[in-house]
Amino acid sequence: MELVNFLYANVEAIKATPAGAKAASSAMASLLAVLSPIAPHICEELWQAMGHDTLLLHQPWPIHDPAALVTDAVEVVVQVNGKLRGKINVPRDATKEALERAALAEVNVVKHISGKTIRKVVVVPGKLVNVVVG
């Protein structure tokens, strides 16, 4: 679903360049391959509509590149008293102190903690920051 949503949201930008069109075609081929066990008939029809002359059934399962899954930044959820108040993008290896500073500087968090006493800041690196105010 993430891939489908991305393709829908960026279809015009993807089609704008030949490299983008090639990448979109590759993404669609992979999508059809992984969907084919669930919806074999429609996937086969779409495969043929893409211009392939072989059967989708005989195509190998797509392989992934583990190195492509590693990112330098992560999105961390920021909560105030357990309620979602924002998200921040930080380096994957950010320290607890850096996460706390970034969370306390986030605009919506500042609005919800202004005039209140910060009792505790719970930091789970790479996941969330929860600011407890009283």
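Okay, so let's go over this structure.

Cut-offs used in this document
- Residues numbered from 1 in each chain as written.
- Predicted model: local features only at pLDDT ≥ 70, side-chain atom pairs only at ≥ 80, totals over all residues.
- Heavy atoms only, no water.
- Axes fitted to C-alpha atoms, helices over the stretch in contact; angles between N-to-C directions.
- Helix = DSSP H or I, 4+ residues; strand = E, 2+ residues; numbered from the N terminus.
- Parallel < 35°, antiparallel > 145°, perpendicular 65-115°, else oblique.
- Left-handed = near helix turned anticlockwise from the far one by under 90°.
- Contact = heavy atoms within 4.5 Å.
- Pairing = 2+ DSSP bridges.
- Buried < 20%, exposed > 50% of the residue type's maximum accessible area, 1.4 Å probe, protein only.

1. Re the packing of helix α3 (residues 18-35) against helix α4 (residues 40-49)
Here α3 crosses α4 at 155°, and the two axes come no closer than 9 Å. In terms of their interaxial angle, α3 and α4 are classed as roughly antiparallel. Remark: the crossing between α3 and α4 carries left-handed chirality. Contact residues: α3 offers Ala 29, Leu 32 and Leu 35, while α4 offers Cys 43, Leu 46 and Trp 47.

2. Considering the sheet that holds strand β1 (residues 73-80)
The 4 strands are arranged β2-β1-β4-β3 in an open sheet whose pairing can be described as mixed. Edge positions in the open sheet fall to β2 (83-91) and β3 (118-124), since each of these has one partner strand only. Strand-to-strand twist across the sheet, computed as the mean angle between neighbouring axes with direction ignored, equals 20°. Here β3 pairs with strand β4 (residues 128-133) via 6 bridges, running antiparallel.

3. Here's the deal with the pairing of β2
Bridging between β1 and β2 involves 8 bridges; their strand directions are antiparallel. Paired with Val 78 across the bridge in β2 is Gly 86. Adjacent in sequence and paired antiparallel, β1 and β2 are bridged by 2 residues, among which Asn 81 carries a positive phi angle near 50°.

4. Concerning the environment of Met 50
With respect to the secondary-structure elements, Met 50 resides in the loop between α4 and β1. On the basis of relative accessible area, Met 50 is assigned to the partly exposed category, the value being 31%. The spatial distance from the C-alpha of Met 50 to the C-alpha of Ser 26 is 11 Å, given a sequence separation of 24 residues. The residues touching Met 50, leaving out its near neighbours within four places in the chain, are Ser 25, Met 28, Ala 29 and Leu 32.

By themselves, these figures tell us nothing about what the structure is for.
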